[in-house]
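# Coordinates in review
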Amino acid sequence: MPGNNDFSVPRYAPEPGGLWARLTARDSLVRRLDWPLMFSALALSLVGALLVWSATRNRTELNQGDPYSFLFKHLLNTSIGIVLMAGTIWLGHRTLRGAVPFLYGLSVVLVLLVLTPLGATINGAHAWIVLGGGFSLQPSEFVKVTIILGMAMLLAARVDAGDQLHPDHRTVAKSLVIAVIPMAIVMLMPDLGSVMVMVVIVLGVLLASGASNRWVFGLIGAGITGAVLVAVLGVLDEYQINRFAAFANPELDPAGVGYNTNQARIAIGSGGLYGAGLFNGHQTTGQFVPEQQTDFIFTVAGEELGFLGAGTIIALLGLVMWRACRIARETTELYGTIVAAGVIAWFAFQSFENIGMTLGIMPVAGLPLPFVSYGGSSMFAVWIAVGLLQSIRSQRPITA
């Protein structure tokens, strides 16, 4: 049973022979990290910097006359994200397990602040807190992390302690309350895209926890019922309804609600196999695709880097999720497995939704492409998630 194993954080005692010996020792932290995961995530962020630069260097209404503005901000966001990842690894996912109540409460307070006069509307969604100096915070990005940690803490507590094999119904119900509270607040903004991601995270967490399949099927049914009620009760804003209408009928108002997806497909289709070359895309330089540095960043890759470049981005995202799957499978504690599974569900769905909406196979939901799109909050959150994955891998027991 997991509870019979010693899951304490390994002690990295100095090895004789100096710094190199300590770094290359079999139980050193550096050796325990998943470097393919690290390098693929970093490669995505750096490629994203080039794509963001291409999409914004001629947008004077956005960059205030500085063509390098968004490039530097994206690199700064990436650097801060890496620092947050390092801090997460240093603290460890088990230490954070004890801080989950505080982190969860803080995330709920932040999303509530969005509904106060401190909140701001950006790109149609009232989901931001403006910090000043050109910076803003989207609390719903961090809620994704705290939902994963909060549900994992409850679902794994008695299993990792050896008291039971699977979470009981009462524990599952409590974990769902943890998820529903911030999701309901985010829905009031309304930020439908983030709620969709959170729903998938919850399903991924429950599947990994070993909870009864009745909960999973029940949640799927509840989700369908909730979607119908949202549409009937008019919870969604008009622009969100129009997005779904344009997805159902791509020819509907091509100069209006269908404009974004139509231009996105034109941009990607014009790239061919090799692309027009960085900074040479006609749709990008002509500013025909709205929000190209954020939600529609994949169109820059498709047009300027072509099928090969866009395919490389998809391959790197696949590598991130493959390494995350290995971490989830190899850890010997349920808590680590659940956290890794939640991150996998998050990255997989958000990547599929973002790329899918540029290709017209998914509705536009206003979700960034992990690591690639411009945005501080999303960048910080995904690198924190990478830190959690690295912590789970580095703190697993060494086998003889």
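Residues numbered from 1 in each chain as written. Predicted model: local features only at pLDDT ≥ 70, side-chain atom pairs only at ≥ 80, totals over all residues. Heavy atoms only, no water.

Across its full length, the protein holds 16 helices and 3 strands. When burial is assessed residue by residue, the protein has 50% of its 400 residues classed as buried. Long-range contacts, defined here as pairs at least 24 residues apart, represent 72% of the contacts in the protein between residues at least 6 apart. Accessible surface, the protein as shown: approximately 17600 Å² in total, 68% of it carbon and sulfur. (Helix = DSSP H or I, 4+ residues; strand = E, 2+ residues; numbered from the N terminus. Buried < 20%, exposed > 50% of the residue type's maximum accessible area, 1.4 Å probe, protein only. Contact = heavy atoms within 4.5 Å. Areas by Shrake-Rupley, 256 points an atom, 1.4 Å probe, with all protein chains shown as cover.)

With that out of the way, let us pick up the sheet that holds strand β2 (residues 125-132). On the basis of which strands lie adjacent, the open sheet formed by 3 strands has the order β1-β2-β3 and antiparallel pairing. Strands with a single pairing partner mark the edges of an open sheet, and in this sheet they are β1 (119-122) and β3 (135-137). Ignoring which end each strand starts from, the neighbouring axes of this sheet average 55 degrees apart. Two strands pair when backbone bridges link them, and β1 and β2 are joined in this way by 3 bridges, in the antiparallel orientation. Across the sheet, the residue bridging to G119 is I129, located in β2. (Pairing = 2+ DSSP bridges. Axes fitted to C-alpha atoms, helices over the stretch in contact; angles between N-to-C directions.)

As a further point, take the pairing of β2. Two elements, β2 and β3, share 3 bridges in a ladder whose sense is antiparallel. Bridged to V130 within β3 is S136.

Let us look at the nonpolar core. The biggest cluster of nonpolar side chains holds 94 residues, and the ones touching the most others in it are I147, M151, L206, W346, F347, F371 and W383. In terms of residues, this core owes the most to one element, helix α14 (residues 297-330), which gives 13 residues. Setting aside its immediate chain neighbours within four residues, W383 contacts M38, A41, L42, S45, T78, G81, I82, M85 and F371. Counting residues in each nonpolar core, the second largest holds 6 residues, with A267, V289, M357 and V364 among its members. (Core = buried A, V, L, I, M, F, W, Y, C linked by side-chain atoms within 4.5 Å.)

The next subject is empty space enclosed by the protein. By rolling a water-sized probe across the atoms, one finds the places where empty space is left. Within this structure, the stated rule accounts for 2 cavities of 30 Å³ or more. In this model, the second largest cavity occupies a volume close to 40 Å³. Around the second largest cavity, the lining residues are Q350, P368, L369, P370, F371, S373, S378, M379 and V382. Ranked by residues supplied to the lining of the second largest cavity, first place goes to helix α16 (residues 376-394) with 3 residues. Of the residues belonging to the lining of the second largest cavity, the class tally is 6 nonpolar, 3 polar and no charged. (1 Å grid on protein atoms, 1.4 Å probe; cavity = no way out; pocket = protein on both sides within 12 Å on 5 of 7 lines; lining within 4 Å. Points joined across faces, edges and corners; volume = space filled by probe spheres on them. Nonpolar A, V, L, I, M, F, W, Y, C, P; charged D, E, K, R; others polar.)

A separate point is the environment of Q287. Position of Q287 relative to the elements: it lies in the loop between α13 (282-285) and α14. Q287 sits 232 residues away from A55 along the chain, and the two C-alpha atoms are 7.9 Å apart. Beyond its immediate chain neighbours, meaning those up to four positions away, Q287 contacts N58, R59 and E61.

The next subject is a nonpolar patch on the surface. A surface patch of nonpolar side chains, about 430 Å² in accessible area, is lined by L76, I80, L84, L131 and F135. The dominant element in the nonpolar patch, judged by the number of residues it contributes, is helix α5 (residues 69-91), at 3 residues. Considering the arrangement of structural elements, one finds L76 in helix α5. Residue classification places L76 among the partly exposed residues on the basis of a relative accessible area of 40%. (Patch = residues over 30% accessible without salt bridge, like charges linked within 9 Å, V, L, I, M, F, W, Y side chains within 5 Å. Salt bridge = Lys/Arg side-chain N within 4 Å of Asp/Glu carboxyl O.)

Of all residues in the protein, 83% attain a pLDDT of 70 or more, and the chain-wide mean is 84. Per-element averaging of pLDDT across the protein places helix α1 (residues 19-24) at the bottom with 52 and helix α3 (residues 35-56) at the top with 96. Within the model, pLDDT remains below 50 along residues 1-15, and this stretch shows 34 contacts once partners closer than five positions in the same chain are excluded. (pLDDT = per-residue confidence, 0-100.)

As a further point, take the environment of L137. Along the polypeptide, L137 turns up in strand β3. L137 gets classed as buried once you look at its relative accessible area, which sits at 18%. Note: C-alpha distance between L137 and G119 (18 residues apart in sequence) is 9.6 Å. Residue contacts for L137: discarding those within four places in its chain leaves L110, A127, W128, I129, L131, F142 and S377.

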